[in-house]
Amino acid sequence: MNAAYSGVPRWLIAVAAAGALFLVLPLAAIVLRVEWLRFGELITSDSSTAALLLSLQTSATSTVLCVLLGVPLAFALARTRFWGQRVLRALVLLPLVLPPVVGGIALLYTFGRQGLLGESLRILGVDIAFSTTAVVLAQTFVALPFLVLSLEGALRTAGTRYETVAATLGARPTTVLLRVSLPLVGPGIVAGAVLSFARALGEFGATLTFAGSLQGVTRTLPLEIYLQRETDADAAVALSLVLVAVAVIVVALAHRIQEGDAREP
Amino acid sequence: MPVSLECSARIDARNVDVRLSVATGETVAVMGPNGAGKSTLLGVLAGLVRPDHGSAVLDGKTLYDGGASLPPYARGVGLLAQEALLFPHLSVLENVAFGPRCAGVPRKLARARAHRWLGEVDAASLADRRPASLSGGQAQRVAVARALATEPSLLLLDEPLAALDISVAPMLRRTLRRVLDGRSAIIVTHDMVDALLLADRVIVIDGGRIVEDGPTRSVLERPRSSFAASLAGVNLITGTTVPDGVLTPTGLHLAAMMDEELPLGEEAAAIFSPRAVAVHRARPTGSPRNVLAVTITDLEQHGARTTVRAGHLSAEITTASAAELDVEPGVEAFFSVKSAEVSVYLR
């Protein structure tokens, strides 16, 4: 295929190449540093498998939570108008820019034993801090804005013309939501869920602060990697590669789901 | 005729203040310049725009009155827009069955009803297709079926043919003509032909006010508002179709270029622009033109051009040739027009 005239200056391509290299080189460094002879043994140790399973399980749970809470939040922000909406949007997106460790402290003073809701929760017999539930909460806290942000964008792009037509055809708001709006922004929800899952998988700071690091309970893969780095650098590198692989698989999978959606309209 | 819709609406933000009624089974065309408030009026009736003041009653049901307003889904008002807006994730059949399903009709029955409406608009063969695979005309046909399948008390059409190819618009117009017959409807249009063929009555809105309201023929033939005049500004002769044109009840034969095979002996309207008309003092001979003997009733000069009127007919010629011809009211003259300039539409 002949390339059409792109109008992009050459020096820009050079800078872009430097940027791409900056992102790819560290990944290559990990691959080069892996001790391939011990790789299998390193990633199948008890502590490693426990961390990997815990990571997958908590990330999946928090992704579900993100969808359940984030979809209504995105609709409210994109499709309704209320007092204080701009402030709320800014606050919802705050976890994106907040250092995760600050998020962890905030969660600790909300759900922790001495926290805002901690006392009430304890009366109900629920103790969240330093449990697997705490891991899920920490991950949801940092991942939720990704879903809200991407879905809100998709909703704004889609507009409300189909919803209007559905209403004039006699569809009540709940019917419009279930049969028109959600199917139309399905790809946007999938994309947001994938971003959330990826963010949850990489969560470190808030988890360590709010949930601690107990093997099999709260020690997710990033925490395990950080811990191993002190004692066995080879294990840390091997596990890092596993995390990279999982991330790549998830992103590729989501890409295929979205492509499939686009092909079959 | 019993009244179907009685409404008044004032929308301050858009400076619209109108009051109108639609009789049961009547189709009303709403015309007017861009930004005159036509689409706003449809939005108010569909429940998408809240008026600052006014009320509307449709078949005994109050759509809005002061602060109270029925939501769009409970109004029984259908809306057909310029774009078909078929739900892209549903098949054609599911699109048409959507309305009945929302009304609580069981799936099987809703599908049967959808099939029937698709047949009604000559789109039965499209039932299993996806909207993305339809042409603009096909999609709009399906949209008509979808709007009608809810059996609305009032159908609103917002320039339903404007986005279509010139080649497919006439066919869909004929379909609309068939399905709108006996149905209460309001159609916003810029096209005089739509008003003539689809509507019983024309309302002209200008600057947010109704400036003209009357039977289609009389508004188009004797416009009182400047907008209707500029829009109508055409010559309209009605009669029945003959092989090469139209024959009027008074025996006048008007030859026309027939783009498509029209059935003979049908009621039809022949339309031609005043700019296509030449004016003569003596009967022109030896040319294949339509010649109409007329008595000049009025002259109207707009700079270099002059409109010569003779009853319902008008010719637009240069002011210089009007002077040269020495035409004035009361003078006998001849209007001639090439058959290629005459369009014929079935009524």
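1. A closer look at the overall build of chain A
For step 1, the next point in the chain: The number of helices and strands found in chain A is 14 helices and zero strands.
For step 2, the next point in the chain: The linear arrangement of helices and strands in chain A, starting from the amino end, is α-α-α-α-α-α-α-α-α-α-α-α-α-α.
For step 3, the next point in the chain: Along the three orthogonal principal directions, the C-alpha set of chain A runs to about 70 × 65 × 30 Å.
For step 4, the next point in the chain: The buried share among the 265 residues of chain A stands at 34%.
For step 5, the next point in the chain: Sequence separation of 24 or more characterises 78% of the internal contacts of chain A that already satisfy a separation of 6 or more.

2. Observations regarding the nonpolar core
For step 1, the next point in the chain: Formed by 84 residues in total, the largest nonpolar core has its most connected members in Leu45(B), Val96(B), Val142(B), Ala145(B) and Leu156(B).
For step 2, the next point in the chain: Residues contacting Val142(B), with those up to four places away along its chain left out, are Ala84(B), Leu86(B), Val92(B), Asn95(B), Val96(B), Ala123(B), Leu126(B) and Leu134(B).
For step 3, the next point in the chain: The next biggest cluster of nonpolar side chains, apart from the first, holds 37 residues, and it includes Leu65(A), Leu147(A), Val185(A) and Leu195(A).

3. Description of the interface of chain A and chain B
One widely used convention gives an interface's size as the accessible area the parts lose upon coming together.
For step 1, the next point in the chain: Each partner contributes residues to the interface: chain A has 15 residues there, and chain B has 19 residues.
For step 2, the next point in the chain: Going through the elements one at a time, helix H9 (161–168) and helix H10 (173–184) of chain A are the ones with two or more residues in the side of chain A that touches chain B.
For step 3, the next point in the chain: The residue makeup of the side of chain A that touches chain B, split by class, is nine nonpolar, four polar and two charged.

4. Observations regarding the sheet that holds strand E4 (residues 53–58) of chain B
Residues and elements named next belong to chain B.
For step 1, the next point in the chain: Taken in spatial order, the five strands line up as E2-E1-E4-E5-E6 in an open sheet, and their pairing is antiparallel. One side of each edge strand has no neighbouring strand; the edge strands of this open sheet are strand E2 (16–23) and strand E6 (68–69).
For step 2, the next point in the chain: Bridging between strand E1 (residues 3–11) and E2 involves eight bridges; their strand directions are antiparallel. Within E2, the residue paired with Leu-5 across the bridge is Val-22.

5. Focus on the domain arrangement of chain B
Residues and elements named next belong to chain B.
For step 1, the next point in the chain: Segmenting chain B into domains produces domain 1 (3–226) and domain 2 (234–346).
For step 2, the next point in the chain: Just the C-alpha atoms count here: the centres of domain 1 and domain 2 sit 34 Å apart.
For step 3, the next point in the chain: The interface is formed by six residues belonging to domain 1 together with five residues belonging to domain 2.
For step 4, the next point in the chain: Elements represented by at least two residues in the side of domain 1 that touches domain 2 include exactly helix H6 (192–198) and helix H7 (216–221).
For step 5, the next point in the chain: Here the element with the most residues in the side of domain 1 that touches domain 2 is H6; it accounts for four residues.

6. Quick word on helix H3 (residues 107–120) of chain B
Residues and elements named next belong to chain B.
For step 1, the next point in the chain: With 14 residues, H3 ought to run about 20 Å at 1.5 Å a step, and its terminal C-alpha atoms sit 20 Å apart, in line with that.
For step 2, the next point in the chain: Looking at H3, one finds that the buried residues are Ala-110, Arg-113, Ala-114, Trp-117 and Leu-118. Buried residues of H3, seen end-on, are gathered within an arc of 140 degrees and therefore sit on one face of the element. Every exposed residue of H3 that faces more than 90 degrees away from the buried side is listed here: Lys-108 and Leu-109.
For step 3, the next point in the chain: In this structure, the buried residues of H3 make contact with helix H2 (92–102) and helix H4 (136–149).
For step 4, the next point in the chain: Phi for Asp-122, located one or two positions after H3, is positive at around 60 degrees.

7. Quick look at the packing of H4(B) against helix H5 (residues 169–180) of chain B
Residue and element names in this part refer to chain B.
For step 1, the next point in the chain: The geometry of H4 relative to H5 is characterised by a closest axis approach of 11 Å and an angle of 10 degrees between their N-to-C directions. Relative to H5, the element H4 lies roughly parallel. Together, Gly-137, Gln-140, Arg-141, Val-144 and Leu-148 of H4 and Leu-172, Thr-175, Leu-176 and Val-179 of H5 make up the contact between the two elements.
For step 2, the next point in the chain: Residue composition of the contact of H4 with H5, by class: five nonpolar, three polar and one charged.

8. Some thoughts on the environment of Pro95(A)
Residue and element names in this part refer to chain A.
For step 1, the next point in the chain: Here Pro-95 lies in helix H5 (residues 94–97).
For step 2, the next point in the chain: The spatial distance from the C-alpha of Pro-95 to the C-alpha of Leu-53 is 25 Å, given a sequence separation of 42 residues.
For step 3, the next point in the chain: When neighbours within four sequence positions are excluded, Pro-95 is seen to be in contact with Gly-103, Phe-141, Val-142, Leu-144 and Pro-145.

The rules we used
Residues numbered from 1 in each chain as written. Chains lettered and ligands numbered in written order. Predicted model: local features only at pLDDT ≥ 70, side-chain atom pairs only at ≥ 80, totals over all residues. Helix = DSSP H or I, 4+ residues; strand = E, 2+ residues; numbered from the N terminus. Buried ≥ 20, exposed ≤ 12 C-beta atoms within 10 Å, placed from the backbone. Contact = placed C-beta atoms within 7 Å. Core = buried A, V, L, I, M, F, W, Y, C linked by C-beta atoms within 7 Å. Nonpolar A, V, L, I, M, F, W, Y, C, P; charged D, E, K, R; others polar. Pairing = 2+ DSSP bridges. Domains from an automatic or database assignment. Expected span 1.5 Å × (residues − 1). Arc of directions from axis to C-beta. Axes fitted to C-alpha atoms, helices over the stretch in contact; angles between N-to-C directions. Parallel < 35°, antiparallel > 145°, perpendicular 65-115°, else oblique.

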